[in-house]
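Chain by chain, the residues run as shown.
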Amino acid sequence: MKFVKKSLVLNLNLFKILLFICFFSFGFIGEAQVNWTNEGDSYFKLEENQLVRYTLPDHDATTVISKAQLTPKGQPEPIKVAHFTFSEDQEKVLLFTNTKKVWRLNTKGDYWVFNFKTNKLTQIGKKLPSSSLMFAKFSPDGNKIAYVSGNNLYSEDYESGNIQALTTNGTVSLINGTFDWAYEEEFACRDGFRWSPDSNSIAYWQIDASNIKKFYMINYTDSIYSQLIPLEYPKVGETPSACRVGVVSLSNAKTTWMEIPGDPSQHYLVRMEFIPSTNDLLIQQLNRKQNHSKLFIADALKGNARMIQEESDEAWVDLFMLGNQYEIDYTSNFIFLKDRNSILWASEKDGWRHLYQISLEGKPEILITKGEYDVIDVKHINHEEGYVYYLASPNNATQKYLFKTKLNGKGKKTLLSPERLKGTHDYSFSSNGAYAVHSFTNHYTPKTTEFIDVAKNKALSREESILQNINKLEREPKTEFFTITTAENIEMDGWMVKPTNFDPNKKYPVVFLVYTEPANATVKDSYNIGRNFLYKGDMQGDGYIYISIDNRGTPAPKGREWRKSIYRKIGLVNIDDQAMAATEILKWDFVDSERVAVWGWSGGGSATLNLMFRYPEIYKTGISIAAVSNQLTYDNIYQERFMGLPQENMEDFVKGSPITYAKNLKGNLLIIHGTGDDNVHYQNAELLLNELIKYNKQFQFMPYPNRSHGLSEGEGTFEHLSTLYTNYLKLHCPPGGR
């Protein structure tokens, strides 16, 4: 129902936003990240399938692993590296290749180890099926590698090739060391195990999805007989998968289970880490409604646990991912502060997303950031000088800037991003904080990067300086940002792209792009923000006004009330806000109120349906892609977080679902859905079709056989989709001024 998860102190449902943003060109996420050396004066990059080290400040390049070194004995070609990670001493590197997709990302594949001392390339897991290894990582001492295959956890001595099975009971529904569909989609949990600091044991999640009902998708095209594709998928209102954390000893492969209070099928375990230099685990638990969070410290050797912190919210408690990036092995981690007796924590409990120091020893918490603004993401902690560097935008919710403040909570925030550069900034700090990669973009400046000296807050050279070259980088603006105030005095941000050769004395058709739900914001100050990737041709040149607006409930940095006003009101608050904003826009002299179209994908598809059905006097044409037509068909983690439990407040689900209002359709509607969508099931399309048919509502429908949520599979799919979208829009909402 969402495309995805912003590089931020970000709520967990935003995993899907990353994919959504990449797909729709709504900005750049984490693109500033590089793989820094331990010393912090160099970084590694994959270039032309070779690993290259760049040393600062002059960017001196050295090839550290060549194509020849990546070529296994007896093979004519080098392995093709998709991703790499180092041992803690950076003397060995794990190389991920031959990858295969699991749900969203390619998290299965083969792994090889390259040893810089011996100049030797060695494949691990050779006795296991090809492309079956997941999340391989070195032990802290660098002597072993652990990974998941077939939902079981293994440890391997990579030099001897001896493989030790640490679990043997893994099945499709009993999952060790990784997660089921719902945990990955809604909590961004994929990598499900952690090495102990002493390298003697491994802590891992176990998901028991055996009681989760199977949803069956049907493949009609790959055989003369149909094939059923089963998926363990917990619908809203259904009991979640049971989850527990165990610690397995490498000495005897025996697991000690952590004794976390509460029914494991009515709670979620969303974060787990070893506390550095200890045999204790820090574990975060959410209740099923996700409005009560608890932190536990568990003894990894004995299993007993004690609660050290808890937090609740009348709506939901966001799971924030401080300073993490969306690597293939991503699972949200804690940030331990230098003394190891406290962590950095984000909370909205004072109405704004702020940073806190949370003691692991029962000491009072410390509020670090203060004021009426949201922290967006944590980028670096300088323990020696006592500073935290973070992204925020106190004055413009469409932008991001770097600030720093004292970790002890006694300092004021200091703006570090250049004031001249108004827009969206991102940073990747070196290991020691001496250098950083700085990325910048706005709606008239393509994304550009520079390396900076953090102490001087200046680019390393004039040639790469963004400030020095900004006049050459800037383009003629095509997108206009605006705010609109509704009849209910709600002020919303929006952007607009006007037609080429715009004539204010003419009236033009308007096309609204919508998403509207807590999983994404569309109004961000970044390059190409106003580009409609599905339109085949020149939308601006053809004479359309293109607009997007962020309503209440979208994850903009505007405070808790803005974001959580949508609780139990998805399909109501967001839809009313959009319609009220459109009502004001239709008062503009150059907008043709008879040519108004709306479109969206996933949650945006749902919004499109609701707008077409509930406000037919405004929206004349709609294109809805991969929409949730009935909220009772979507997964329990997402829907219950934002809507509650249908057993308790069924009326909210009915009122928020587009299918409830299908009988009101008056305009032109195109419905598009992939029959192989494992996220928003094709079931949604057929349920809606039945309702429209019942009331003799005419529409057009395009199913894409076996395509998933992104409609990315199959030869010619995008070309066909783009052509379909464009032809339908031109036919029912003709372009050009009149």
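Fair warning: this is a prediction, and the values are worked out from it, not measured in the lab. (Residues numbered from 1 in each chain as written. Predicted model: local features only at pLDDT ≥ 70, side-chain atom pairs only at ≥ 80, totals over all residues. Heavy atoms only, no water.)

*Asks:* Summarise the confidence of the model for the chain; cite the residues concerned and give the values.
*Replies:* Chain-level statistics for the chain give a pLDDT mean of 92 and a share of 94% at 70 or above. Per-residue pLDDT stays below 50 along residues 324-328; that stretch engages in 27 contacts with residues further than four places along the chain or on separate chains. (pLDDT = per-residue confidence, 0-100. Contact = heavy atoms within 4.5 Å.)

*Asks:* Report on the pattern of salt bridges, specifying residues and quantitative values.
*Replies:* Oppositely charged side chains are able to pair whenever their charged atoms sit close together. Taken as a whole, this structure holds 35 salt bridges when the rule is applied. A salt bridge links Lys117 to Glu91; its shortest N-O distance comes to 3.4 Å. Residue Lys117 is located in the loop between strand S7 (105-115) and strand S8 (120-124), and its partner Glu91 is located in the loop between strand S5 (81-86) and strand S6 (92-102); the two are separated by 26 residues in the primary sequence. Residue classification places Lys117 among the exposed positions, given a relative accessible area of 66%. Given the relative accessible area of 28%, Glu91 is considered partly exposed. A salt bridge links Glu365 to Lys349, with the nearest nitrogen and oxygen atoms 2.7 Å apart. With Glu365 in the loop between strand S26 (354-359) and strand S27 (366-367) and Lys349 in the loop between strand S25 (342-347) and S26, this pair connects stretches of sequence that are 16 residues apart. Overall, the relative accessible area of 44% leaves Lys349 in the partly exposed class. (Salt bridge = Lys/Arg side-chain N within 4 Å of Asp/Glu carboxyl O. Helix = DSSP H or I, 4+ residues; strand = E, 2+ residues; numbered from the N terminus. Buried < 20%, exposed > 50% of the residue type's maximum accessible area, 1.4 Å probe, protein only.)

*Asks:* Lay out the pairing of strand S3 (residues 50-55) in plain terms, naming residues and giving numbers.
*Replies:* With six bridges joining them, strand S2 (residues 42-47) and S3 adopt antiparallel strand pairing. Directly across from Glu47, in S3, lies its bridge partner Gln50. A loop of two residues connects S2 with S3, the two strands running antiparallel in sequence, and Glu48 in this loop sits at a positive phi of about 55 degrees. Examined bridge by bridge, S3 and strand S4 (residues 60-65) share five bridges and lie antiparallel to one another. Bridge assignment links Tyr54 to a residue of S4, and that residue is Ala61. (Pairing = 2+ DSSP bridges.)

*Asks:* Provide a residue-level description of the sheet that holds strand S33 (residues 435-442), including the pertinent values.
*Replies:* Strand order in the open sheet formed by four strands is S32-S33-S34-S35, with antiparallel pairing between adjacent strands. The sheet is open, and its two edges are formed by strand S32 (424-429) and strand S35 (458-459), each paired on a single side. Across seven bridges, the pairing between S33 and strand S34 (residues 445-453) is antiparallel. Considered in S34, the bridge of His438 is made with Glu450. In this fold helix H3 (residues 466-473) packs onto S33 and S34, with an angle of close to 165 degrees to the strand it touches most, S34. (Axes fitted to C-alpha atoms, helices over the stretch in contact; angles between N-to-C directions.)

*Asks:* Mind laying out the environment of Tyr527, listing which residues take part and the relevant values?
*Replies:* Turning to its location among the elements, Tyr527 is positioned in the loop between strand S38 (508-513) and helix H4 (539-542). Spatially, the C-alpha atoms of Tyr527 and Asp635 are 33 Å apart, while their sequence positions differ by 108 residues.

*Asks:* Would you mind going over the sheet that holds S6 in detail, with residue names and values included?
*Replies:* Pairing between the strands of a sheet comes from backbone hydrogen bonds, and it takes one of two forms, parallel or antiparallel. A sheet is described by the order of its strands in space; here four strands give the open sequence S5-S6-S7-S8, paired in antiparallel fashion. Two strands in the sheet have a free side with no partner beyond their single neighbour: S5 and S8. Across the sheet, the axes of successive neighbouring strands diverge by a mean angle of 35 degrees, strand direction being ignored. Of the strand pairs in this sheet, S6 and S7 are connected by eight bridges, and their pairing is antiparallel. Among the inter-strand pairings, Val93 is bridged to a residue of S7, identified as Phe114.

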